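Coordinates in review
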Protein chains: 2
Amino acid sequence: MDKQHIGISIIGAGRVGWHLAQALSASGYPVHEVWSRRHSQAQALAERLPKAVVSNSLDLRQSKSRLFLLTVTDAALLEVARRLLLPKNALLVHTSGSQPIDILQPRAQHCGVFYPLQTFSKEKQVDFSGIPFCLEASDAPSLQLLERVAGSLSSRIVHMNSAQRQQVHLAAVFACNFSNHMLRIAHELLKESELSEHLLDPLIQETLEKALSLGPAQAQTGPALRGDVPVMELHLKQLFQHPRWSELYQLLSEDISRSAGIKKGE
Amino acid sequence: MDKQHIGISIIGAGRVGWHLAQALSASGYPVHEVWSRRHSQAQALAERLPKAVVSNSLDLRQSKSRLFLLTVTDAALLEVARRLLLPKNALLVHTSGSQPIDILQPRAQHCGVFYPLQTFSKEKQVDFSGIPFCLEASDAPSLQLLERVAGSLSSRIVHMNSAQRQQVHLAAVFACNFSNHMLRIAHELLKESELSEHLLDPLIQETLEKALSLGPAQAQTGPALRGDVPVMELHLKQLFQHPRWSELYQLLSEDISRSAGIKKGE
């Protein structure tokens, strides 16, 4: 089947839907409908898609689409899925890292998961070509269709079950949200001392390069790894006005030295 | 004064001394002596420096050097400094982020701090050109000399006092050691589910790019920011075998949502 015969509907115009719809449309798939709880969002997205109209209803039984991408947040997923009415033979997939495939089974004969492992912001363009797509489907033909669609955006296709995907999602929270928060705390500390946040940019860049090339276990340095108690005590004193960061500092330092012990014991 | 007349002695052949000595030598400064508690380390470093000899003693009163770089760990700094004997007019500096300049004052008339804000591993080459050098000195001529030496390695020279440098060092622990540890935990979680660690590489790369371009406050995403309680509860269930990571997860999530509140309130 040609790309132009695999119509797609986008349900949810948040960050994931926003970028995915535009990339799929640019790669040759017609996006027929866009739905969002916020009509203005759906409108803004539809304006960027040559063939799309805004759907005011979740009754999509008349849609020409084959693939229905549910990109709403996890919190809204169940409720939106319950209200959806789809054509026969529709393939309904969600894009969530944490939700199992099961929740779609009552809604459509063919269902699946199409989870792009990336962090999306509206402000920043997304290059999908290197992003892993974690796929799961209720049946082989559905999986093949998802492989084909994902394959037109990216060269990294990974099959995994719902439990594995949940673990990937948890790992991503540590690798992305939590590591980003460490950078946030660092910036706040510099601001307190009237120092430029950009002072740390080369260190942050090098930290990443080392983590990716040597692996984070091998790349680790610092007072916790060295067991340098006086420096850690000094840092805790400096954090006296930040009890939560102080607690984080202690927990993280303990865990780093525990991990180092495991490494040495290998 | 020509570079070749500003001789340098390196006291400590650990990661910082290792890279700094070679970079200074390559940039034209003669490194006359190398001292290390581990003789083999000093030997290995001296072999890479055309003019250096290994010094077996901390009595360097006969040295032709002007600048004495103390690159030993914070834990050894005081003791090594106490044993040092230097020529008159020597400029003694340490390379530590956390130690005040004061600790050198009893040891030399001219003293200073020469702190390269970077993470060093022996396995990885260092490009000093973008690394900020945080400088402090007991007197103006000493500061000028340090500016000149640092300026021959890098274009980023920053003057700061000891309290500011300690704050930079603390911020660096969050930005480097702690963010790296988040990547380490993420890798461990993937390994537990028999998934490739490299699955997260594009996410990690993008997280960094967004943090550097938008700033980490603006770049944040994820369940804690959204206040997505069911997903966070699911993650805590997944972490049931890792009580420490579970505690970290809760603390970090609380702090992310607290920070988001501050941002909204701005």
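For the structure, see preceding data.
Description of the structure in this document. (Residues numbered from 1 in each chain as written. Chains lettered and ligands numbered in written order. Predicted model: local features only at pLDDT ≥ 70, side-chain atom pairs only at ≥ 80, totals over all residues. Heavy atoms only, no water.)

1. Examining the overall build of chain A
When helices and strands are counted, chain A shows 10 helices and 8 strands. By principal-axis analysis of the C-alpha atoms, chain A measures approximately 70 × 45 × 30 Å. When each of the 266 residues of chain A is scored for burial, the buried share is 59%. A sequence separation of at least 24 residues applies to 56% of the contacts in chain A between residues at least 6 apart. For chain A, the computed accessible surface area is about 11,100 Å², with 49% contributed by carbon and sulfur atoms. Looking at charge distribution, chain A has the averaged site of its 27 positive side-chain charges lying 8 Å from that of its 25 negative ones. (Helix = DSSP H or I, 4+ residues; strand = E, 2+ residues; numbered from the N terminus. Buried < 20%, exposed > 50% of the residue type's maximum accessible area, 1.4 Å probe, protein only. Contact = heavy atoms within 4.5 Å. Areas by Shrake-Rupley, 256 points an atom, 1.4 Å probe, with all protein chains shown as cover. Lys, Arg positive; Asp, Glu negative; His and termini not counted. Charge placed at Lys NZ, Arg CZ, Asp CG, Glu CD.)

2. Quick word on the sheet that holds strand β3 (residues 53-54) of chain B
Residue and element names in this part refer to chain B. In space, the 8 strands of this open sheet follow the order β3-β2-β1-β4-β5-β6-β7-β8, with mixed pairing throughout. Only two strands of the sheet have a single neighbouring strand rather than two, namely β3 and β8 (157-159). On top of the sheet, helix α4 (residues 140-151) reaches β4 (67-70), β5 (91-94), β6 (110-116), β7 (133-137) and β8; it is set at about 160° to β7, its chief contact. (Pairing = 2+ DSSP bridges. Axes fitted to C-alpha atoms, helices over the stretch in contact; angles between N-to-C directions.)

3. Details of the pairing of β6(B)
Residues and elements named next belong to chain B. For β6, the buried fraction is high: 7 of the 7 residues fall into the buried class. On β6, burial covers both faces: His110, Gly112, Phe114 and Pro116 on one face and Cys111, Val113 and Tyr115 on the other are all buried. Taken together, the 4 bridges between β5 and β6 define a ladder with parallel strand orientation. Bridge pairing in β6 links Leu91 to His110.

4. What about the environment of A:Leu225?
All names here are of chain A. Among the secondary structure elements, Leu225 is positioned in helix α8 (residues 223-226). Along the chain, Leu225 and Val113 lie 112 residues apart, while their C-alpha atoms are 40 Å from each other. Apart from the residues within four sequence positions on either side, Leu225 is in contact with Gln220, Ile256 and Ala260.

5. Some words on the pattern of salt bridges
Under the defined criterion, the tally for this structure stands at 18 salt bridges over all chains. A:Arg83 serves as the salt-bridge partner of A:Glu79, at 3.0 Å between the closest nitrogen and oxygen. Here the residue A:Glu79 and the residue A:Arg83 both occupy positions in helix α3 (residues 74-83), the gap between them amounting to 4 residues, near one helical turn. We classify A:Glu79 as partly exposed; its relative accessible area is 37%. Put simply, B:Glu254 and A:Arg244 hold a salt bridge, and the shortest N to O gap is 2.9 Å. Note that B:Glu254 is positioned in helix α10 (residues 243-265) and A:Arg244 in helix α10 (residues 243-265), a pairing that runs across two chains. (Salt bridge = Lys/Arg side-chain N within 4 Å of Asp/Glu carboxyl O.)

6. A short note on the nonpolar core
Counting residues in hydrophobic clusters, the biggest one holds 113 residues, and the most contacted among them are A:Leu70, A:Phe174, A:Leu200, B:Leu70, B:Phe174 and B:Leu200. If you look at the next biggest cluster of nonpolar residues, it comprises 33 residues, including B:Ile10, B:Leu24, B:Ala52 and B:Val93. (Core = buried A, V, L, I, M, F, W, Y, C linked by side-chain atoms within 4.5 Å.)

7. Quick look at a positive patch on the surface
Together, A:Arg15, A:Arg37, A:Arg38, A:Arg48 and A:Lys122 give the surface a local cluster of positive charge. Since its relative accessible area comes to 55%, A:Arg37 is described here as exposed. (Patch = residues over 30% accessible without salt bridge, like charges linked within 9 Å, V, L, I, M, F, W, Y side chains within 5 Å.)

8. Notes on the relation of the copies chain B and chain A
Least-squares fitting of chain B to chain A yields an RMSD of 0.0 Å, with the superposition described by an axial translation of 0.0 Å and a rotation of 180°. Here the symmetry operator amounts to a two-fold rotation axis. Within chain B, the C-alpha atom positioned nearest to the axis of rotation is that of B:Ser179, 2.2 Å from it. When the interface residues of chain B are mapped onto chain A, 100% of them again fall at the interface, so both copies present the same face. (Least-squares fit on C-alpha atoms with pLDDT ≥ 70 in both.)

9. Topic: the side chain of A:Asp255
Here A:Asp255 is to be found in helix α10. For A:Asp255, a relative accessible area of 0% translates into the label buried. Here the side chain of A:Asp255 touches B:Trp245 through a polar contact of 2.7 Å, side chain to side chain. When sequence neighbours within four positions are dropped, the list of residues in contact with A:Asp255 reads B:His181, B:Ile185, B:Arg244 and B:Trp245. (Polar contact = N/O pair within 3.5 Å; in protein donor to acceptor, adjacent residues only side chain to side chain.)

10. Description of the interface of chain B and chain A
Residue-level contacts link 91 residues of chain B with 91 residues of chain A. Both faces combined, the contact of chain B with chain A buries some 9,200 Å², and carbon together with sulfur accounts for 65% of it. Between the two partners, chain B and chain A, sit 4 salt bridges. At the junction of chain B with chain A, the criterion picks out 34 residue pairs in polar contact (both at pLDDT 80 or more). (Buried area = accessible area lost by both parts, 1.4 Å probe.)

11. Structural notes on the packing of helix α6 (residues 201-214) of chain A against helix α5 (residues 162-192) of chain B
Two elements in contact, α6(A) and α5(B), have axes whose closest approach is 10 Å; the angle formed by their N-to-C orientations is 20°. Taken as axis vectors, α6(A) and α5(B) run roughly parallel relative to one another. The hand of the α6(A)/α5(B) crossing is right-handed. On α5(B), the residues that touch A:Leu203, A:Ile204, A:Thr207 and A:Ala211 of α6(A) are B:Ala172, B:Ala175, B:Cys176, B:Ser179, B:Asn180 and B:Leu183. (Parallel < 35°, antiparallel > 145°, perpendicular 65-115°, else oblique. Left-handed = near helix turned anticlockwise from the far one by under 90°.)

12. With respect to the pairing of strand β1 (residues 8-11) of chain A
Residues and elements named next belong to chain A. Burial along β1 is two-sided: Ile8 and Ile10 and Ser9 and Ile11, pointing in opposite directions, are all buried. Here β1 pairs with strand β4 (residues 67-70) via 4 bridges, running parallel. Note that in β4 the partner of Ile11 across the bridge is Leu70. Relative to strand β2 (residues 31-35), β1 runs parallel, the two sharing 4 bridges. Bridge assignment links Ile10 to a residue of β2, and that residue is Val34. Traced from β1 through helix α1 (residues 15-26) to β2, the parallel crossover comes out right-handed. (Right-handed = clockwise from strand over helix to strand, strands pointing away.)

13. Overview of the state of the cysteines
Using the criterion set out here, one finds 0 disulfides over all chains in the structure. As a non-bridged cysteine, A:Cys134 has A:Cys176 as the owner of its nearest cysteine sulfur, 14 Å distant. (Disulfide = S-S within 2.5 Å.)

14. Quick notes on the sheet that holds β4(A)
Sheet strands pair via backbone hydrogen bonds, and the direction of the pair is either parallel or antiparallel. Residues and elements named next belong to chain A. With mixed pairing, the 8 strands of this open sheet are ordered in space as β3-β2-β1-β4-β5-β6-β7-β8. Every interior strand has two partners, whereas the edge strands, β3 (53-54) and β8 (157-159), have only one. Pairing of β4 with strand β5 (residues 91-94) involves 4 bridges; the strand directions are parallel. Of the residues in β5, the one forming a bridge with Leu70 is His94. Of the strands in this sheet, β1, β2, β4, β6 (110-116) and β7 (133-137) touch α1, which is tilted by about 165° from β1. Across the sheet, helix α5 (residues 162-192) lies against β5, β6 and β7, angled at about 25° from β6, the strand it touches most.

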